[in-house]
Amino acid sequence: MSRYDVAIIGGGINGVGIARDLSIRGFKVILFEKEDFGWATTWSSSCMVHGGARYIIHDIGVTYKSSRDAGILTKIVPYMLSRRPFIVVTRSKFMATLFDIYMGVYDLFSRMRGAVRHMRLTPDEVSYMTAGEVLAKGGGVLTEEYTVDPQRLALVNAISAQEFGAKVLNHTEVIRVERKDGSFLISAKNLLYNSEIKVESKLVINASGPWIDKVTANSIVGEEQKKRLRPTKGIHIVFPGKILNSVISFQAIDGRYLLFVPLEDRTILGTTDDDFFGDPDDIEILRDEVEYLLHSAEKFIKNIRSFKPYSTKVGLRPTPYVYGVNEDKITREFEIEDEDGIIHVLGGKLASFRLLSEIVSDFVSQKLGIKTQCKTHILPLPGADDIDERFDGDFEAYSENIKKKIKDEFGLDDQIAHLLTKKYGIRARELLKTFGLGELICYCSKVFEGEVRWAIKREFAETIDDISRRTWACDGFCNGILCMRKVQKILEAEGKNPDHKNFVLRREKLLYPVKKYNEELWNEFENFKKKVL
């Protein structure tokens, strides 16, 4: 039986971040993820590494930590970040004045991540910056934030952990954890191939996010059963294409602030923030949640209902349990609970996952009596392997340099070179040298055969869903109608289990809440489902 210093349950951004930090420090680490890296809460985020301006009033520590770590990410994973103008709009000039004052405070934090100072915008300036798509009678304020692909951010942390010696297992669920002679015996099962694994570990970290209470109740023998989480549910609507170049923040009907976020090949609208008391393995998206977002957005984005949504996202925030507080006022700070060697990690944000990982790893080092030092703030993540101490943090220039190199060396179209850079960084050169581009697999998101093979050989991809998270194939406007069978064929040729049934059912579940707004796509997808299942 293999023995480890630390066993981690959960492969979201916190779990893989902790695995990387501990591995770099020299600990022997194993990580179990029952689905795939970054597939749940991480995937369902707003895809932003932002400073957390809205937390200044009631949770300023979150703003400080998020801003500081966003600055660190510009130095360790620069190719993955995109600078986005961030416009907070309002229908009231008085509110615009308040925003102007508020953002003056936020400017102090913006310096930590290399962002520009804010400026106030008139209604005409808002309209000009958004090509007439956004109506803001009171004007707004302009700052800037960064967008990121959260699933690939989780993935490169998992890859880095493995490269530093960790064993990282996706599609592997922990079935039982029991204490024995001062350590822990852990039994797990691969859900795709029904294989079992048993290991021994000195410590166990429960970083399973919204599943923390469920894992404790179902898998950890003898652990105290108490309510550690008060999870809140958030949904997004997904539209095709980059509709705007700026992120728009606006007030919803209930006073909360929503985001309209342009990404590389899509735009997302969200998010809701509601208490969730059900099973984290069975989250439904309600039609009225979709309508809440659209109704609120159309007050500022006048053509929102004409943009034809093609999917949705849903997830749970693993926020710590608290009573007597509204959902959106629950702290986004993270907490650590140590139950005699079982360490529960609660809360956290995408922007500050690295800091959370550092603090948890410091705690583990102290608990095991080994003096170690964190290096995750200086060691670049995979894809930024060529960065050294001379790098000045200009992530846009860094990305442009990679894009030019691969464009010239391999004769690529500018858009293709850009997309490859955003996903793989400098490792795009190795991908192209090893597998080439090959056939165009996904027309919606411009994904090629070489990327699919790279994902299988180098990025732990086992299923069609895995491929979609790594490459964006089957995750674009067609929902896999045009490209799923191509990906399935490649996976089968590599001896993998494509799990196409679960892929189709999952896509259907995410498309269903917006079928009213895109009946043609829904009907096409249902016909596709009948043919392949």
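In the block above lies the structure referred to throughout.
The structure presented is a predicted model; accordingly, all values stated were derived computationally and were not measured.

Colleague: How should the pairing of strand E9 (residues 183-190) be read in this particular structure?
Modeller: One face of the sheet, then the other: side chains in a regular strand alternate in exactly this way. Of all eight residues in E9, seven are buried; the element is thus mostly enclosed. Of the pairings in the sheet, the one linking strand E8 (residues 172-180) to E9 comprises eight bridges and is antiparallel in character. Opposite Glu-173, over in E9, you have Lys-189 as the bridge partner. Here E8 folds back onto E9, and the loop between the two strands holds two residues, one of which, Asp-181, carries a positive phi near 55°. Relative to strand E10 (residues 196-206), E9 is paired through six bridges, and the arrangement is antiparallel. Residue Ile-186 lies in a different strand from E10, and its bridge partner there is Val-199.

Colleague: Honestly, the layout of surface pockets in this entry has me stumped. Any pointers?
Modeller: A water-sized probe rolled over the atoms picks out the places where empty space is left. When its volume is computed, the second largest pocket comes out at roughly 690 Å³. Considering the residues around the second largest pocket, the lining is formed by 31 residues, among which Glu-35, Trp-39, Asp-281, Asp-465 and Arg-506 are closest to the centre. When contributions to the lining of the second largest pocket are tallied by element, the ones reaching two or more residues are strand E16 (311-317), helix H13 (464-471) and helix H15 (500-511). Top element by residues in the lining of the second largest pocket is H15. It accounts for six residues. By residue class, the composition of the lining of the second largest pocket is 16 nonpolar, five polar and ten charged.

Colleague: Sorry, what's going on with a nonpolar patch on the surface here?
Modeller: Together, Phe-94, Leu-98 and Ile-101 make up a nonpolar patch on the protein surface, roughly 330 Å² of accessible area in all. Relative to the assigned elements, Leu-98 resides in helix H3 (residues 93-110). Given the relative accessible area of 38%, Leu-98 is considered partly exposed.

Colleague: Please explain empty space enclosed by the protein as it appears in this structure.
Modeller: Scanning the model with the defined rule gives five cavities of 30 Å³ or more in all. Taken together, 26 residues form the lining of the largest cavity, with Cys-47, Asp-149, Leu-263, Arg-266 and Trp-472 sitting closest to its centre. Elements represented by at least two residues in the lining of the largest cavity include exactly strand E4 (82-90), helix H5 (150-163), strand E14 (266-270), E16, helix H10 (414-424) and H15. By residue number, the principal contributor to the lining of the largest cavity is E16, which donates three residues. Taken together, Trp-43, Gln-151, Asp-465, Ser-468, Arg-469, Asp-475, Arg-506 and Arg-507 make up the lining of the second largest cavity. Elements with a minimum of two residues in the lining of the second largest cavity: H13 and H15. Residue contributions to the lining of the second largest cavity peak at three residues, all from H13.

How each quantity is defined
- Residues numbered from 1 in each chain as written.
- Predicted model: local features only at pLDDT ≥ 70, side-chain atom pairs only at ≥ 80, totals over all residues.
- Heavy atoms only, no water.
- Buried < 20%, exposed > 50% of the residue type's maximum accessible area, 1.4 Å probe, protein only.
- Helix = DSSP H or I, 4+ residues; strand = E, 2+ residues; numbered from the N terminus.
- Pairing = 2+ DSSP bridges.
- 1 Å grid on protein atoms, 1.4 Å probe; cavity = no way out; pocket = protein on both sides within 12 Å on 5 of 7 lines; lining within 4 Å.
- Points joined across faces, edges and corners; volume = space filled by probe spheres on them.
- Nonpolar A, V, L, I, M, F, W, Y, C, P; charged D, E, K, R; others polar.
- Patch = residues over 30% accessible without salt bridge, like charges linked within 9 Å, V, L, I, M, F, W, Y side chains within 5 Å.
- Areas by Shrake-Rupley, 256 points an atom, 1.4 Å probe, with all protein chains shown as cover.
- Salt bridge = Lys/Arg side-chain N within 4 Å of Asp/Glu carboxyl O.

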